[in-house]
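Coordinate inspection notes
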Amino acid sequence: MTPTAHLALIGAGISGLSCGTRLQQAGIEVSLFDKSRSAGGRMSTRRGDDWQCDHGAQYFTARHPDFRAEVARWQQAGVAALWDPGLWLFDGDSSAARESTVERFVGMPAMTAPASYLASTLSVQASTSIQQLRRQTHGWQVFSAEHGWLETCFAAVLLAVPAPQAAPLLQQPAPELAALAGSAVMRGCWALMLRFAAPVDLPFDAAFVNQGPLRWIARNSSKPGRSGEETWLLHACAEWSEAHLEEDSTSVAAALLDAFGQLGGPAPQDWTAHRWRYADTEPALAEGCAWRPEIGLGLCGDWLNAGKVEGAWRSGRMLAEEVLRSFARC
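Residues numbered from 1 in each chain as written. Predicted model: local features only at pLDDT ≥ 70, side-chain atom pairs only at ≥ 80, totals over all residues. Heavy atoms only, no water.

**Structural notes on the pattern of salt bridges**
Pairing of side chains with opposite charge becomes possible as their charged atoms draw close. Here is the rule we go by: Between Lys or Arg on one side and Asp or Glu on the other, a salt bridge is scored when a side-chain nitrogen of the former is within 4 Å of a carboxyl oxygen of the latter. The secondary structure listing takes helices from DSSP runs of H or I that are at least 4 residues long and strands from runs of E that are at least 2 residues long, numbered from the N terminus.
Applying the stated criterion across every chain, the model contains 16 salt bridges. E176 is the partner of R292 in a salt bridge, and the nearest nitrogen-oxygen pair spans 3.7 Å. Within this pair, whereas R292 is found in strand 19 (residues 290-292), its partner E176 is found in helix 5 (residues 175-182), the two being separated by 116 residues in sequence. Taken together, the shared-partner salt bridges connect R187, E239, D280 and E282 into one network.

What follows is the structure, given as structure tokens:
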């Protein structure tokens, strides 16, 4: 690579944004591509008329010093805040309030805020689905469904997408990386967003659920900075979601609303369902990231680094540092 190297980074979730930010800070030109309409990946918020609900990642923790420093930066910028919900645990026939010393952070005023903050300084081409990579004599070309082969020749291509989306892109240029992606077992998750005309009278703001189809429920309106109608989020457990992944949203909603009702939840005035096809990895890999300097191809993502938002951010940062070390040796 040369000091004017231009890199393609596919995927503008937290791992891709973390990687792109670090590379750009070091003077590397980076173009990010994402098939969605905006950056953030599973740091996602659905909005409607006078309501909003985080339907992907519900909160994040910050244990590693580097990520704690990053979260502090987000807090200072006003795009993240601590969330201290009244937390319960439903386990079989019992339920109880749960005290926790874990610090939980959320984006503010929505979970998308940290991603939007990072993306604001980067070149992100949204609604661009990269479907093929082609290695040329002087670098890489990428093919998008919307624009065909892009004219730019990139010094390296970095993938920050779920493993099942990375594997087919890697099959021809890097079979060993394709095999690594193929070894990750990613699972789906059904999310149900509930809207209420008045605050729901339940003695908790969030709960872990170890019974039936549900795994997590939360009063989204209890998070700092939220406005509009009262909303709740229901996440189905991975096993139930996988078993019902191809079912229609109406039957899925009926099952999850029934489970919510058994926990004391009332019927909502309206609901919206969302299927996350690649929500988590079981078990998450511990590679951190993957980088092949001899061909200029790399991977990052939460599935490579123990899952969760913190794992995604750190994986992206790890890949950026690997790339920069290769750059320094050139």
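Back to the write-up after that little detour.
**Re the environment of F154**
Selection rule: Every residue pair with non-hydrogen atoms within 4.5 Å of one another is taken to be in contact.
Among the structural elements, F154 can be located in the loop between strand 12 (148-149) and strand 13 (156-159). Considering only alpha carbons, one finds F154 and W140, 14 residues apart in sequence, at a separation of 4.9 Å. Not counting residues up to four positions away in its chain, the partners in contact with F154 are H6, L7, A8, S31, F33, G139, W140 and V142.

**Some words on the sheet that holds strand 11 (residues 139-144)**
Here is the rule: In this scheme, strands are said to pair when DSSP sees at least two bridges between them.
Across the sheet, three strands lie side by side as 10-11-12; this open sheet has antiparallel pairing. The sheet is open, and its two edges are formed by strand 10 (130-136) and strand 12, each paired on a single side. Pairing between strand 10 and strand 11: six bridges, direction antiparallel. Bridge assignment links Q136 to a residue of strand 11, and that residue is G139.

**Digging into the packing of helix 2 (residues 65-77) against helix 8 (residues 308-329)**
To be explicit about the condition: Lines fitted to C-alpha atoms define the axes, with helix axes restricted to the stretch in contact, and inter-axis angles between N-to-C directions lie between 0 and 180 degrees. The scheme is simple: roughly parallel for angles under 35 degrees, roughly antiparallel for over 145, roughly perpendicular for 65 to 115, oblique for anything else.
One can describe the packing of helix 2 onto helix 8 by two numbers: an axis separation of 10 Å at closest approach and a directional angle of 100°. Compared by their axis directions, helix 2 and helix 8 come out roughly perpendicular. Within the contact between the two elements, helix 2 uses D66, F67, E70 and W74 and helix 8 uses V309, E310 and W313.

**Quick notes on the side chain of D302**
For the record, the criterion: Polar contacts, as counted here, are pairs of nitrogen or oxygen atoms within 3.5 Å of one another; within protein the pair requires one atom able to donate a hydrogen and one able to accept it, and residues that are adjacent in sequence qualify only if both atoms are side-chain atoms.
You can see D302 is positioned in the loop between strand 20 (297-299) and helix 8. A polar contact is formed between the side chain of D302 and the side chain of R42, at a distance of 2.7 Å. Once residues lying within four places of it in the same chain are set aside, the contact partners of D302 are R42, A284, G307, K308, G311 and A312.

**What about the nonpolar core?**
The following threshold applies: The definition of a nonpolar core used throughout is a set of buried Ala, Val, Leu, Ile, Met, Phe, Trp, Tyr and Cys residues joined through side-chain atoms within 4.5 Å. Whether a residue is buried, partly exposed or exposed follows from its accessible area with a 1.4 Å probe, protein chains only, as a fraction of its type maximum: under 20%, in between, or over 50%, in that order.
The biggest cluster of nonpolar side chains holds 55 residues, and the ones touching the most others in it are L17, L23, F60, W74 and L158. Those residues within four positions of L23 in sequence are excluded, and the remaining contacts are L7, I28, V30, L158, A320, V323 and L324. If you look at the next biggest cluster of nonpolar residues, it comprises 31 residues, including A8, W140, V161 and A166.

**Observations concerning helix 2**
Spelled out, the test is: The length a helix should cover is 1.5 Å for every residue beyond the first. The reported arc concerns the directions from the helix axis to the C-beta atoms and nothing else.
Here helix 2 spans 18 Å end to end across 13 residues, near enough to the 18 Å set by a 1.5 Å rise per residue. Turning to helix 2, its buried residues are F67, E70, V71 and W74. When helix 2 is viewed along its axis, its buried side chains cluster within an angular range of 100° and face the same direction. Exposed residues on helix 2 whose side chains face more than 90 degrees from its buried face are P65 and Q76.

**With respect to the packing of helix 1 (residues 14-25) against helix 8**
Any two packed helices are characterised by the angle at which their axes cross and by the distance between the axes. Our working rule: When the near helix sits turned anticlockwise from the far one by under a right angle, the crossing is termed left-handed; a clockwise turn instead gives a right-handed crossing. Under the scheme applied, nonpolar residues are Ala, Val, Leu, Ile, Met, Phe, Trp, Tyr, Cys and Pro; charged residues are Asp, Glu, Lys and Arg; polar residues are all the others, including Gly.
Remark: helix 1 packs on helix 8, axes separated minimally by 7 Å, with the N-to-C direction vectors making an angle of 35°. Crossing angle aside, the handedness with which helix 1 passes helix 8 is right-handed. Seen from helix 1, the contacting residues are I14, S15, S18, C19, R22 and L23; seen from helix 8, they are V309, A312, W313, G316, R317, L319, A320, E321, V323 and L324. Its residues placed into classes, the contact of helix 1 with helix 8 shows ten nonpolar, three polar and three charged.

**What about the packing of aromatic side chains?**
Formally: Ring geometry is summarised as follows: Phe, Tyr and Trp rings, the Trp one being its six-membered ring, pair when their centres sit within 6.5 Å, and such pairs are stacked at plane angles under 30 degrees, edge-to-face over 60 and tilted between the two.
Enumeration according to the criterion identifies 16 aromatic pairs in this entry. Ring geometry for W232 versus F260: centroids 5.8 Å apart, planes at 50°, classification tilted. Here F260 lies in helix 7 (residues 249-262) and W232 lies in strand 17 (residues 230-236), a separation of 28 residues in the sequence. Of the two residues, W232 and F260, neither departs from the other in class, the shared state being buried.

**Concerning the pairing of strand 13**
Residues A156 and L158 of strand 13 are buried on one face, and the alternating residues V157 and L159, pointing to the opposite face, are buried as well. Looking at chain direction, strand 1 (residues 6-10) and strand 13 are connected through four bridges and run parallel. Note that in strand 13 the partner of L7 across the bridge is A156.

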